[in-house]
Amino acid sequence: MQTIFRFFNKSVSLFMTTGFLLTLFLVTTQTFAQDTDTYNEYKGKIISDVTGKSLEYASISLAGTNIATVSNSEGEFSLKVPADQQDKSVLISYLGYANREVPLTQLKTGKMEIRMAESVERLPEVSISTKDPEAIVREAARKIKINYTSDPLIMTAFYRESISKGKKYASLSEAVVEIYKEPYASNAEDAARLFKARKSTDYKKRLDTLVLKLQGGPYNTIKFDVAKNRDLILDDEALKNYSFSYTSLASLNNRPTHVISFRQLPSIQDPLFYGKLFIDAQTYAITKVDISLNLENEVLASKYFVKKKPINADVAPIKANYQIDYRESNGKWFQSYSRLELGFKVNWKKKLFNSNYDIIIEMAVTDWKKNEQNISLKNSEKLRTNVILTDKASGFADSDFWGEYNIIEPEKSIENAIEKIKRKLD
């Protein structure tokens, strides 16, 4: 309980109060000149060959490079490729589907549908009755130091954060950040630097008398690297709190993958996690994590998230879902994508109806390199772990704001919100 509580106190909290709340932490943004002749942009949509369904959060990378992105919740993606890399192919992977490789030359006709075939490769026979799911998880935890990068990395990542009441956006933030990733065997904490950002808020119109502010920014996604921060789920003490069951053997990255479900033991009352771990059957690398926080005890769960609230309002979390994907390069894995979905119910003591608010946070690593000179950020350069992204709308009026940086393609609702912001700025 105390480990989880300290973790949330450091990484995720909300400011909730009546009236307008000034930004508490200011961050400096830098504008860098972009030469549109140095890259080409390719767009596509990932769909299932069998059902025609859009495949959300598919992994997309440029073969032979560290350039990558993910598809959005509607299966759409864009990939910006340097001019000197136009002879390469795009690699696409998705759980339960065979990997797909598409030459860039086939994407030059504009936005196209890329169909993914369900994996038909015969997976090894597995007798579930002879598999000990907890032993598989413990072996995966033991092999983290072997399976995950032992090099410090400097990662470029795209971060998006939205706060909405119902279907109306009250706050929309986007940023490119540099993550200084410590080796997975190290206890040193990862750090981040803001590279470029834009944000728009409409608190008075959208949230009535209630202001929600998310504290932590990109650190909310960085901290949920469960392979790096093993005390969340995977260290010896944490594992004692859970029961495990073997769900299935699936295909991920064209490799057999154990799917292990877990939930907290009935004897434990404090809110912990439940969900699924995806573990490579050959190497025992954890390649994907889908988890949620147990919110049955609303009083305790709310303490994880709410830092300040109005006296005449009760605030309870109603949703706390986390997805973490890992990517492999030369036999070593690292965090490549994170998505957090948080929901809150606000019950005003003298009002008849409740209000529901949603926060969606996602971050995708779009490029990386080894930190061979072991460069560290100065304190003045680091984003604070309690940062609140600055309230300003610069950049939304400029369609070329991101230049050559890869981003997560916005889904339709966010596109509509951006268009409204542009019109307001005009």
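Residues numbered from 1 in each chain as written. Predicted model: local features only at pLDDT ≥ 70, side-chain atom pairs only at ≥ 80, totals over all residues. Heavy atoms only, no water.

(A) Just the packing of aromatic side chains, in detail. With the rule as written, the count across this model stands at 14 aromatic pairs. Look at tyrosine 94 and tyrosine 97: their rings are 5.7 Å apart centre to centre, the planes differ by 65°, and that puts the pair in the edge-to-face class. According to the relative accessible area criterion, tyrosine 97 is buried, its value standing at 10%. Relative to tyrosine 322, the ring of phenylalanine 224 has its centre 4.1 Å away and its plane inclined at 15°; by these criteria the two rings are stacked. Note that phenylalanine 224 is positioned in the loop between α5 (219–222) and α6 (236–239) and tyrosine 322 in strand β18 (residues 313–329), a separation of 98 residues in sequence. For the pair phenylalanine 224 and tyrosine 322, one class covers both residues: buried. Aromatic ring contacts, followed pair by pair, group Tyr148, Tyr184 and Tyr326 into a single cluster. (Phe/Tyr/Trp six-rings, centres within 6.5 Å; stacked < 30°, edge-to-face > 60°. Buried < 20%, exposed > 50% of the residue type's maximum accessible area, 1.4 Å probe, protein only. Helix = DSSP H or I, 4+ residues; strand = E, 2+ residues; numbered from the N terminus.)

(B) Focus on the environment of alanine 191. Inspection of the secondary structure assignment puts alanine 191 in strand β11 (residues 191–201). On the basis of relative accessibility, which here comes to 11%, the residue alanine 191 falls in the buried class. For alanine 191, the residues in contact, after removing those within four places along its chain, are Glu178, Ile179, Tyr180, Tyr219, Leu377 and Lys382. (Contact = heavy atoms within 4.5 Å.)

(C) Quick peek at the sheet that holds strand β8 (residues 112–116). Spatially, β5-β2-β8 is the arrangement adopted by the 3 strands of the open sheet, whose pairing is mixed. A single partner strand is all that each edge strand has here, and the edge strands are β5 (76–82) and β8. Adjacent strand axes in the sheet meet at a mean angle of 40°, parallel and antiparallel pairs treated alike. As judged from the 5 bridges shared by strand β2 (residues 39–48) and β8, these two strands associate in the parallel manner. (Pairing = 2+ DSSP bridges. Axes fitted to C-alpha atoms, helices over the stretch in contact; angles between N-to-C directions.)

(D) The arrangement of the pairing of β2 in detail. Bridge analysis of β2 against β5 gives 7 bridges, and the strand direction is antiparallel. Each residue of the ladder has a partner; that of glutamate 41, found in β5, is lysine 80.

(E) The sheet that holds strand β16 (residues 286–293), seen in detail. Strand order in the open sheet formed by 10 strands is β11-β10-β9-β20-β19-β18-β16-β15-β14-β13, and the pairing between neighbours is antiparallel. The open sheet terminates on both sides in strands that have one partner only, identified here as β11 and β13 (242–252). On average, each strand axis in the sheet is tilted by 15° relative to the strand beside it, whichever way the strands run. In terms of strand pairing, strand β9 (residues 153–165) meets strand β10 (residues 168–181) through 13 bridges, oriented antiparallel. Within the sheet, the bridge partner assigned to lysine 165 lies in β10 and is lysine 168.

(F) Spatial organisation of the nonpolar core. In terms of nonpolar packing, the biggest core is built from 74 residues, with Tyr148, Ile233, Leu234, Phe273, Phe305, Tyr322 and Tyr326 touching the most fellow members. It is strand β19 (residues 332–348) that provides the largest number of residues to this core, a total of 7 residues. Setting aside anything within four residues of it in sequence, one finds isoleucine 233 in contact with Val226, Ala238, Leu239, Tyr242, Phe262, Phe273 and Ile291. Of all hydrophobic cores here, the second largest spans 19 residues; its members include Ala58, Phe77, Leu79 and Tyr97. (Core = buried A, V, L, I, M, F, W, Y, C linked by side-chain atoms within 4.5 Å.)

(G) Inspection of helix α8 (residues 412–425) at higher detail. A rise of 1.5 Å per residue sets the reference length of α8, with its 14 residues, at 20 Å; its end C-alpha atoms lie 20 Å apart and thus fit the reference within 8%. Turning to α8, its buried residues number three or more, namely Ile414, Ala417, Ile418, Ile421 and Lys422. Looking straight down α8, one finds its buried side chains confined to an arc of 140°; they lie on one side. Lining the buried residues of α8 we find β9, β10 and β11. (Expected span 1.5 Å × (residues − 1). Arc of directions from axis to C-beta.)

(H) Inspection of the confidence of the model for the protein at higher detail. Here the protein averages 85 in pLDDT, while 85% of its residues score no lower than 70. Summarising per-element confidence for the protein, the mean pLDDT is lowest in strand β1 (residues 13–18) (48) and highest in strand β15 (residues 273–280) (97). The low-confidence segment residues 17–34, where pLDDT is below 50, has 45 contacts with residues more than four positions distant or belonging to other chains. (pLDDT = per-residue confidence, 0-100.)

(I) Representation of unusual backbone geometry in the model. Unlike most non-glycine residues, tyrosine 284 shows phi in positive territory, near 65°. Structurally, tyrosine 284 is set in the loop between β15 and β16. Its identity as a non-glycine residue notwithstanding, asparagine 374 has a phi of 55°, on the positive side. Mapping asparagine 374 onto the fold places it in the loop between β20 (355–370) and α8.

(J) Broad picture of the layout of surface pockets. The volume enclosed by the largest pocket comes to roughly 770 Å³. Every residue lining the largest pocket is counted, 33 residues in all, and those nearest its centre are Ser59, Ser93, Asn253, Tyr326 and Arg327. Residue assignment for the lining of the largest pocket shows that the elements contributing at least two residues are β3 (59–62), β6 (89–94), β7 (97–103), β16, β18 and β19. It is β18 that contributes the most residues to the lining of the largest pocket, 6 residues altogether. Here the lining of the largest pocket is composed, by residue class, of 11 nonpolar, 14 polar and 8 charged. (1 Å grid on protein atoms, 1.4 Å probe; cavity = no way out; pocket = protein on both sides within 12 Å on 5 of 7 lines; lining within 4 Å. Points joined across faces, edges and corners; volume = space filled by probe spheres on them. Nonpolar A, V, L, I, M, F, W, Y, C, P; charged D, E, K, R; others polar.)

(K) Local environment of the pairing of β13. Bridge count for β13 against strand β14 (residues 255–264) is 10 bridges, and the pairing is antiparallel. By the bridge assignment for β14, alanine 250 is matched with threonine 257. Following β13, the chain reverses through 2 residues before pairing antiparallel with β14; asparagine 253 in that reversal takes a positive phi of roughly 60°.

(L) Looking closely at the pattern of salt bridges. The tally for this structure, following the rule as stated, stands at 25 salt bridges. The salt bridge partner of glutamate 237 is lysine 240, with a shortest N-O separation of 3.1 Å. Among the salt bridges present, the one from glutamate 341 reaches arginine 339, with a minimum N-O distance of 2.8 Å. For glutamate 341, a relative accessible area of 23% translates into the label partly exposed. Sharing partners across several salt bridges, the network here consists of Arg160, Glu174, Arg198, Arg339, Glu341 and Glu362. (Salt bridge = Lys/Arg side-chain N within 4 Å of Asp/Glu carboxyl O.)

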